[in-house]
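So the chains spell out like this:
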Amino acid sequence: MIVGFSEAVAYGILKPPGEEGADIAAGEGQSFGVPLSYGGPYLGIFATREKFVRNMPGRLVGETVDLDGKRGFVLTLATREQHIRRERATSNICTNEGLCALMATIFLVCLGKRGLRELALMNLSKQNTPRRLPLRSTAVKLVFSSPTFNEFVVRIQGSRIGFWRS
């Protein structure tokens, strides 16, 4: 099973795709501390079960401990063809993508598991208040009634569809 997601922070309160039986999960990780600057950059996240790891493009970052017992991060698996056989490489990772991955890693390490859950719960609660407000006005209506995480769509009478993101 393959899962696609658009808001990674939601996994602070949702079960991870792997626990639901997914073999592969891919989606957007920009909300993990990567600031938008003139519309980008974005951060793609791609994860798989261990048995498929060697088929993945790109580089994997692992956690280790140095001689002084301090935690550190290292490239644990990088396809050698990226460095020596460009014509057969499975990916093209540039410095900018490495910077985005580093920003997201630092963000998540600083936030921690509890912090990610708190952030997800904050997003959920903050979108609920404005989501209830349009219901008081006859000129503003929710377009979809399904559950949402941190954004929803409204229709304003006499205009195009509006968009709310907390």
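Because the structure is a prediction, the values reported are computed rather than measured.

1. Quick word on the overall build of the protein chain
1) Next: The number of helices and strands found in the protein chain is two helices and eight strands.
2) Next: Order of helices (α) and strands (β) in the protein chain, N terminus to C terminus: β-β-β-β-β-α-α-β-β-β.
3) Next: Approximately 11,900 Å² of the protein chain is accessible, and the part contributed by carbon and sulfur atoms is 57%.

2. A short note on the packing of aromatic side chains
1) Next: Using the criterion set out here, one finds two aromatic pairs in the structure.
2) Next: Centroid distance Phe5 to Tyr11: 5.5 Å. Interplanar angle 85°. Geometry classified as edge-to-face.
3) Next: Its relative accessible area of 15% is what places Phe5 among the buried residues.
4) Next: The partly exposed category is assigned to Tyr11, whose relative accessible area is 25%.

3. What about the side chain of Thr48?
1) Next: When you line up the elements, Thr48 lands in strand 3 (residues 44–48).
2) Next: Within the structure, Thr48 has its side chain in polar contact with the backbone oxygen of Asp23 (distance 3.1 Å).
3) Next: What Thr48 contacts, discounting residues up to four positions off in sequence, is Asp23, Ile24, Val53 and Met56.

4. Here we look at the pattern of salt bridges
1) Next: Summed over all chains, the structure comprises three salt bridges.
2) Next: Measuring nitrogen to oxygen at the nearest pair gives 3.6 Å for the salt bridge that ties Glu63 to Arg71.
3) Next: In this structure Glu63 comes out as exposed when scored by relative accessible area, which is 52%.

5. So, the nonpolar core
1) Next: Grouped together as the largest cluster of nonpolar side chains are 13 residues, with contacts concentrated most on Val9, Phe32, Leu43 and Phe149.
2) Next: Considering every element that reaches this core, the biggest residue donor is helix 2 (residues 95–132), with four residues.

The rules behind each value
- Positions within a chain are numbered from 1, following the residues in the order the chain's sequence is written.
- Side-chain atom pairs in this predicted model are given and counted only at pLDDT of 80 or more, local residue features only at pLDDT of at least 70, and totals for whole chains, interfaces and linings cover all residues.
- To get the side-chain values, take all heavy atoms of the structure and skip hydrogens and water.
- Secondary structure elements are defined from DSSP: runs of H or I of at least 4 residues count as helices, runs of E of at least 2 residues count as strands, and each element is numbered from the N terminus.
- Reported accessibility uses the Shrake-Rupley method at a 1.4 Å probe radius. Residues are deemed covered only where the shown protein chains occlude them.
- Aromatic contacts are taken between Phe, Tyr and Trp rings whose centres are within 6.5 Å, Trp giving its six-membered ring; a plane angle under 30 degrees counts as stacked, one over 60 as edge-to-face, and the others as tilted.
- Each residue's exposure class comes from its accessible area (1.4 Å probe, protein chains only) as a fraction of the maximum for that residue type: buried when under 20%, exposed when over 50%, partly exposed otherwise.
- Polar contact is the term for a pair of N or O atoms within 3.5 Å; when the atoms are in protein, one must be able to donate a hydrogen and the other to accept it, and sequence-neighboring residues count only if both atoms are side-chain atoms.
- A contact between two residues is defined here by any heavy atoms of the two lying within 4.5 Å.
- When a carboxyl oxygen of Asp or Glu is within 4 Å of a side-chain nitrogen of Lys or Arg, the pair counts as a salt bridge.
- By nonpolar core we mean a set of buried residues, namely Ala, Val, Leu, Ile, Met, Phe, Trp, Tyr and Cys, connected to one another through side-chain atoms within 4.5 Å.

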